[in-house]
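Chain and residue survey
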Amino acid sequence: MSAMPLTGRHRRWDIAAVLARWLLGGLFLQMGLSKALDPVDFLKLVREYDLTQHPLLLNGIAAALPWFEVFCGVLLLAGVAVRGSALMLVAMLVPFTWVVFQRALALQADLGIPFCEVKFDCGCGAGEVYICRKLVENGLLILFSAWLLMGWGRRLCARYALMKSGPEN
Amino acid sequence: MAIVGAAIAFAANAVSPRGLVLARNYFPTAVQVAGPAPAASPAQPGPAETNAVGAAPAPPVAESLDAESLQRADIDQAAALFRDPRYQAELVVFIDARDEAQYREGHVPGAYQFDHYRPEKQLATVLHVCQLAEQIVVYCTGGDCEDSEFAALALIGVGIPKERFFIYVGGMSEWAAQGLPVEIGERNSGNIGNAEP
């Protein structure tokens, strides 16, 4: 997409992709900061996923993940290394969505309620949420990230690709 | 890019005043219960921790306390210790294991705050008080909250005899729901009122 001149339709899509980039960047910045400023709460939530009981790994995830989200959010907002940042988001969102789904299934079994009525604090930085809504949100975020990964949303970028130089960057 | 991001993230955690200490075990139970208690609520009206109020302790908490040989106190025992004349002489002590914001929203009158996740500010005071106390009641929110257990274990770890401790499992939710006195703000603020635990 980068080499071809943008037609009017492409231009509109690219503007939409820029908006998606800002939305993603803003969301990750906000969610990351909310967790980074209260890492103990996030640590407790991470522990509930039962991914590991090893203190160092548990602390490492809870300590680094929020700031990593902030890092990716800032890069997306500024338009720096956009595809790399989008790849990082996909790499975080896909497994995270999977473990949230698994935990929701376990809670559904424990509580004996319909799946979409399961509500819990998934550690996303937004407090308690209904699982179906969360899965739809995450699905959209993954789609937006994949869209940026395909090369869209390069307008108004400070430096679209770190490793390349030239007029597009 | 992932490496750079991770390096920045760990550096940010290291310089953040609220950052985590990577090598520390924040959940110092000797036993690993079979998965943490569900911190979820079905979609129904009411506060998120409704199931904590007046409920029997969640099995993992009870199991964990038993495994640690920590004594449990129910609402009657906790209230009796609160009314015990020794409470005024600080021979019976209440420890609130929640964070500062929750503590200020409402705590057992005269209770000391000890957030074991961030013990630096309170440890010296609480340690001194616990050394002189005969009985120590530790509580947190209640329900599946484990912070009272962790706080007790942290204090046991620095030399306070285990037999002095009672974990009030019902916690602040049950205490407030039973209409027992709640102090708002700082310790001994004298502001006794209704809390929203």
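Note that this is a predicted model, so its numbers are computed, not measured.

1. Observations concerning the interface of chain A and chain B
The extent of an interface is frequently quoted as the accessible surface area lost upon association of the parts. Opposite the 35 residues of chain A that make contact, chain B presents 30 residues. Secondary-structure elements contributing two or more residues to the side of chain A that touches chain B are α2 (39-48), α3 (55-78), α4 (82-111), β1 (118-121) and β2 (128-130) of chain A. Of all the elements, α3(A) adds the most residues to the side of chain A that touches chain B, at 11 residues. A class-by-class count of the residues in the side of chain A that touches chain B yields 22 nonpolar, four polar and nine charged.

2. A few points about the sheet that holds strand β6 (residues 165-168) of chain B
Residues and elements named next belong to chain B. Overall, parallel pairing links the five strands, which are arranged β2-β6-β5-β3-β4 in an open sheet. One side of each edge strand has no neighbouring strand; the edge strands of this open sheet are β2 (71-73) and β4 (112-113). By the bridge criterion, five bridges tie strand β3 (residues 92-96) to strand β5 (residues 135-139) in an arrangement that is parallel. Residue pairing for β5: Val92 is matched across the bridge by Gln135. Lying on the sheet, helix α6 (residues 147-157) is in contact with β3, β5 and β6; it crosses β6 at an angle near 165 degrees.

3. Here we look at the pairing of β6(B)
Residues and elements named next belong to chain B. Every second residue of β6 is oriented toward a common face, with Phe165 and Ile167 on one face and Phe166 and Tyr168 on the other, all of them buried. By the bridge criterion, three bridges tie β2 to β6 in an arrangement that is parallel. If you follow Arg72 over to β6, its bridge partner there is Ile167. In this structure, β5 lies alongside β6, joined through four bridges in parallel fashion. Paired with Tyr139 across the strands is Tyr168, a residue of β6. The handedness of the β5 to β6 crossover, carried by α6, is right-handed.

4. Notes on α6(B)
Residue and element names in this part refer to chain B. Counting buried positions over the 11 residues of α6 gives eight, a clear majority of the element. Those residues of α6 lying buried are Asp147, Ser148, Glu149, Phe150, Ala151, Ala152, Leu153 and Leu155. Looking one or two residues beyond α6, the residue adopting positive phi is Gly159, at roughly 110 degrees.

Conventions used here
Residues numbered from 1 in each chain as written. Chains lettered and ligands numbered in written order. Predicted model: local features only at pLDDT ≥ 70, side-chain atom pairs only at ≥ 80, totals over all residues. Contact = placed C-beta atoms within 7 Å. Helix = DSSP H or I, 4+ residues; strand = E, 2+ residues; numbered from the N terminus. Nonpolar A, V, L, I, M, F, W, Y, C, P; charged D, E, K, R; others polar. Pairing = 2+ DSSP bridges. Axes fitted to C-alpha atoms, helices over the stretch in contact; angles between N-to-C directions. Buried ≥ 20, exposed ≤ 12 C-beta atoms within 10 Å, placed from the backbone. Right-handed = clockwise from strand over helix to strand, strands pointing away.

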